[in-house]
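# Structural overview
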Amino acid sequence: MNVDIGNALASVASPGASRESLERLDEQVADAHERIVAGMEQSEHGYEALNLPERTDPDEIRAAVEPVADAEALITVGIGGSALGAATITDALADESDTEAVYLDNVDPEWVSSHLERLPLEETAINVVSRSGTTAETLANFLVVRDAFEAAGVDWTERTIVTTGESGPLRNLADRHDLPSLKVPDGVPGRFSALSAVGMVAAAVCGHDLEALLEGAAAERESLTGSLFDCPAYAYGATAYALDQRGAAVNAMVPYAESLETFAEWFAQLWAESLGKDDLGQTPARALGVTDQHSQLQLYRAGPRDKLVTFVSPGETDDRSIPDTDVDELAYLGDATLGELLEAEFEATEASLAAAGRPNVRLELEGVDEYELGGLLYGMEAACVLAGELYGVNTFEQPAVEWAKKATRGLLGGGDFEEADAVAEKTELR
Ligand code: PA5
């Protein structure tokens, strides 16, 4: 991954960060880097995620999925960090796989039913993922999926892989039915677990190259140095932080590839859940090039000066020529390809934001493949860890998420939680 911050500098953009201010910030980056390296060396909670390129064992994952390696479809049941990393990988590489990857994260009953009615369950595998093993949405959806398999006369125990923590209800269930299971690595929070079994079981069932994913991530790990001027991941994390300090409270992630739309969703969770603490953080927004040039670009170019726009340029992808026509006004299109049109729109949008003094950063890939995706996921995680150090927040906790989980369980009678009492009191006040 290459990162171009030229359009985020104060000489081009407002609110931009001057080169001098980034040089001053680099001293803090050096300190943060030392802290990050120490955390990695001691396998501290959260920092351990940056060790995954060396820790994850592709053979173990492939062995666990072996019984369902020929599945026509894979239903992953999980939510948040237990789904979005896997979805980013399999959605980005969907064209390369014969297995359809479906993600049941929401508990919208109509939507869940529509998937279960549509899929050939006898040819479908189930991938249940929950670090805690207690998340109500995941366990409820799993029970519903299991029931649908039983109703269709399909033995779900033959077609299920579980990834969860060392103990908990989901672990107990896996043990009771002797299901193939993998362990969520210790010290790795959900949204940082894409490069562990959590994100890679789905990739394995879909036949993707696990080694290349980890190699791309390892290359990014190698580039972690104590200076934002030498390290693409830190350049991104530090620039986003510096711009937020100057008023860019929103970070719009805009990939210029349909295949990377889910990446923007993954990034939004990473950035929001990790940095949104102590009244600090930068609000992630999601858009897709070129589609959202026709919906959100107006705001990004001429609305409040409170945004950083992050573009992802996918590099070389398959192309398709635009056919000639006998309509003179359209002749220019016949000389181009769809890829060239996309590229022209990207460059025009980037330049138009810069011309309007709107800060933007470009993340550059050399194509959408396993190696580049591994680098992109790892790079953004490292950027986020660095930003967390600069903000001085606890990047790896998510107390607001845990609060809502307990309240939900309590309201449904799944335990005695003071969070549920607080919701009940509020409801009574209405
Ligand atoms: O990043 C996180 O920690 C969260 O988004 C979790 O991944 C999400 O809440 C699901 O939790 P679990 O994996 O315990 O089911």
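Now for a quick tour of the structure. Every residue gets a number counted from 1 within its own chain, in the order that chain's sequence is written. Only residues with pLDDT of at least 70 are given local features in this predicted model, and only at 80 or more are side-chain atom pairs given and counted; all residues enter the totals for whole chains, interfaces and linings. Calculated side-chain values reflect all of the structure's heavy atoms, with hydrogen atoms and water omitted.

### A word on the site of the ligand
What makes a residue near a molecule or strand is one non-hydrogen atom of that residue sitting within 4 Å of it. For the ligand, the set of nearby residues contains 15 residues, the closest of which are Ser-82, Ser-130, Ser-132, Thr-135 and Gln-269. Between the ligand and the protein, one listed contact pairs an oxygen atom with a side-chain N or O atom of Ser-130 at 2.6 Å. Residue exposure ignores everything except the shown protein chains as possible cover, and the areas themselves are Shrake-Rupley values with a 1.4 Å probe. Protein chains shield 93% of the accessible area of the ligand, which is 380 Å² for the free molecule. Of all the elements in the fold, those that place two or more residues in the shell around the ligand are helix H11 (261–275) and helix H16 (399–411). Residue composition of the shell around the ligand, by class: two nonpolar, nine polar and four charged. Whenever a nitrogen or oxygen atom comes within 3.5 Å of another N or O atom, the pair is scored as a polar contact, on the condition that within protein one atom can donate a hydrogen and the other can accept it, and that pairs from neighbouring residues in sequence are kept only if both atoms are in side chains. Note on conventions: DSSP H or I runs of at least 4 residues are helices, E runs of at least 2 residues are strands, and numbering of each starts at the N terminus. Any residue that is not Ala, Val, Leu, Ile, Met, Phe, Trp, Tyr, Cys, Pro, Asp, Glu, Lys or Arg is counted as polar, Gly included; the first ten are nonpolar and the last four charged.

### Observations regarding the nonpolar core
A general feature of soluble globular proteins is that nonpolar side chains tend to end up buried together. Here the nonpolar core consists of buried residues drawn from Ala, Val, Leu, Ile, Met, Phe, Trp, Tyr and Cys, with membership extended through side-chain atoms lying within 4.5 Å. The rule is simple: take the accessible area with a 1.4 Å probe, protein chains only, and divide by the maximum for that residue type; under 20% is buried, over 50% is exposed, in between is partly exposed. Counting residues in hydrophobic clusters, the biggest one holds 92 residues, and the most contacted among them are Tyr-236, Leu-260, Phe-263, Trp-266, Trp-271, Leu-363 and Met-380. Sort the elements by how many residues they give to this core and helix H15 (residues 370–391) lands first, with 13 residues. Those residues in contact with Phe-263 that lie beyond four places of it in its chain are Thr-88, Met-253, Val-312, Leu-376 and Met-380. Among the nonpolar cores identified, the runner-up in size contains 23 residues, and Ile-75, Val-77, Val-112 and Leu-139 belong to it. Pairs of residues are marked as contacts when any of their non-hydrogen atoms sit within 4.5 Å.

### Concerning the sheet that holds strand S8 (residues 283–286)
Taken in spatial order, the five strands line up as S1-S10-S9-S7-S8 in an open sheet, and their pairing is mixed. The open sheet has two edge strands, strand S1 (2–4) and S8, and neither has a second partner. Between one strand axis and the next, the sheet turns through 20 degrees on average, direction left out of account. Paired strands are those between which DSSP finds at least two bridges. Taken together, the four bridges between strand S7 (residues 250–255) and S8 define a ladder with parallel strand orientation. Of the residues in S8, the one forming a bridge with Ala-252 is Ala-285. Between N-to-C directions, angles span 0 to 180 degrees; the directions come from axes that are lines fitted to C-alpha atoms, helices contributing only their stretch in contact. Along the sheet, H11 contacts S7, S8 and strand S9 (307–313); its crossing angle with S7, the most-contacted strand, is approximately 160 degrees.

### Comments concerning the packing of aromatic side chains
Here a Phe, Tyr or Trp ring, Trp counted by its six-membered ring, pairs with any other such ring whose centre lies within 6.5 Å, and the pair is stacked when the planes are under 30 degrees apart, edge-to-face when over 60, and tilted otherwise. Enumeration according to the criterion identifies 12 aromatic pairs in this entry. Pairing Phe-142 with Trp-156 gives two aromatic rings, centres 5.8 Å apart and planes at 85 degrees, and the pair type is edge-to-face. Note that Phe-142 is positioned in helix H6 (residues 136–151) and Trp-156 in the loop between H6 and strand S5 (160–164), a separation of 14 residues in sequence. Feature note: the residues Tyr-236, Phe-263, Trp-266, Phe-267 and Trp-271 constitute an aromatic cluster, connected by ring pairs.

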